[in-house]
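Residue-level structure breakdown
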Amino acid sequence: MKTRDQIYKGEGARLLRIITTYHVLRYEQVLQLFPKKEDSTKSLITSLVKQHRLYHDKESGLLCDSPEAAVSPDYGMIAAFWVLLDFKKAIIYHTAGEFPVKLHFFSNDETYEVIYVGTGQEALINHIFENMKEQDTNRLLVLESEDQAKKLTVGEVLAYCVVKPDGAVSYYKKKTNY
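Residues numbered from 1 in each chain as written. Predicted model: local features only at pLDDT ≥ 70, side-chain atom pairs only at ≥ 80, totals over all residues. Heavy atoms only, no water.

Let us now look at the sheet that holds strand β1 (residues 24-26). Spatial strand order, β1-β3-β2: three strands in an open sheet with antiparallel pairing. Here the strands that pair on one side only, and so sit at the sheet edges, are β1 and β2 (55-57). Strand-to-strand twist of the sheet, defined as the mean angle between neighbouring strand axes without regard to direction, takes the value 25 degrees. Of the pairings in the sheet, the one linking β2 to strand β3 (residues 62-64) comprises three bridges and is antiparallel in character. (Pairing = 2+ DSSP bridges. Helix = DSSP H or I, 4+ residues; strand = E, 2+ residues; numbered from the N terminus. Axes fitted to C-alpha atoms, helices over the stretch in contact; angles between N-to-C directions.)

In structure tokens form, the structure reads like this:
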């Protein structure tokens, strides 16, 4: 008879690490991390919820490390994670960041920062980055609308992103006027 660990092959620990790192994600985002094992991942989530190691708010579709995280979810992190999922095949490592960076990931020989800019936060983000040294990092800025890009002066931006509620990500570059 196989043990649970043999059945899930360490996926439980990986799943718990992801949820405790990001605190709240959409259920479908978690399933996309394990695309070849969707049924076993669903069973694993159900088991972890029953053990009170995860919290699943079925009404909102959120998977959290606590019920409190479902009450006031970080939608910026959820949007940033959709961007991360677009790179999942090439990702070597990913982790949460500190404000203003929502998350960091490493892909091949490249380093990426995903930064969420809420409406009205443009001046704050500009101020934070104007005094920072140039780094060898690719920045992806997640915006709530394309119009925000006109208000941003952050350097070294690889792309601006807008994430739709269904998780579809649109990427674009800011047009400069000469």
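So much for the structure itself; the text now carries on.
Taking 1.5 Å of rise per residue, the twelve residues of helix α6 (residues 75-86) would be expected to cover 16 Å, and the 17 Å separating its terminal C-alpha atoms lies within 8% of that figure. Buried within α6 are the following residues: Gly76, Met77, Ile78, Ala79, Ala80, Phe81, Trp82, Val83, Leu84 and Leu85. The opening residue of α6, the one whose side-chain oxygen lies 3.1 Å from the backbone nitrogen of Gly76, is Asp74. (Expected span 1.5 Å × (residues − 1). Buried < 20%, exposed > 50% of the residue type's maximum accessible area, 1.4 Å probe, protein only. Polar contact = N/O pair within 3.5 Å; in protein donor to acceptor, adjacent residues only side chain to side chain.)

Within strand β8 (residues 157-163), six of the seven residues are buried, which leaves the element mostly enclosed by the surrounding structure. Pairing geometry for strand β7 (residues 138-143) and β8, over five bridges, is parallel. From the neighbouring strand, Leu143 faces β8, where its bridge partner is Val162. When β8 meets strand β9 (residues 169-172), the two strands line up antiparallel, connected through four bridges.

Going through the model one piece at a time under the given rule, you end up with six aromatic pairs. Seen in terms of ring centroids, Tyr22 and Phe81 are 5.1 Å apart; in terms of plane orientation they differ by 65 degrees. Their pairing is edge-to-face. Residue Tyr22 is located in helix α2 (residues 11-22), and its partner Phe81 is located in helix α6; the two are separated by 59 residues in the primary sequence. Their ring planes at 45 degrees and their centres at 5.1 Å tell us that Phe87 and Phe105 sit as a pair that is tilted. Here Phe87 is found in the loop between α6 and β4 (91-96), whereas its partner Phe105 is found in strand β5 (residues 101-107), with 18 residues between them in sequence. When its relative accessible area of 22% is taken as the criterion, Phe87 is described as partly exposed. Each member of the aromatic cluster is reached from another via a ring pair, and the members are Phe87, Phe105 and Tyr112. (Phe/Tyr/Trp six-rings, centres within 6.5 Å; stacked < 30°, edge-to-face > 60°.)

Right, let's talk about the pattern of salt bridges for a bit. For side chains bearing opposite charge, pairing can occur when the charged atoms are close. Tallying each qualifying case throughout the model produces four salt bridges. Close ionic contact of Glu38 with Lys42 constitutes a salt bridge, the shortest N to O distance being 3.3 Å. Of this pair, Glu38 and Lys42 both sit in helix α4 (residues 38-50), four residues apart, which is roughly one turn of the helix. For Glu38, a relative accessible area of 36% gives the class partly exposed. Across the salt bridge formed by Asp147 and Lys150, the nearest N and O atoms sit 3.8 Å from each other. (Salt bridge = Lys/Arg side-chain N within 4 Å of Asp/Glu carboxyl O.)

Turning our attention to the pairing of β7. Across the six residues that make up β7, a large majority, six, are buried. Judged by which residues are buried, β7 turns out to be covered on both faces: Asn138, Leu140 and Val142 on one side and Arg139, Leu141 and Leu143 on the other are all buried. Sheet topology note: the strand β6 (residues 110-117)/β7 ladder contains six bridges and is parallel. By the bridge assignment for β7, Tyr112 is matched with Asn138.

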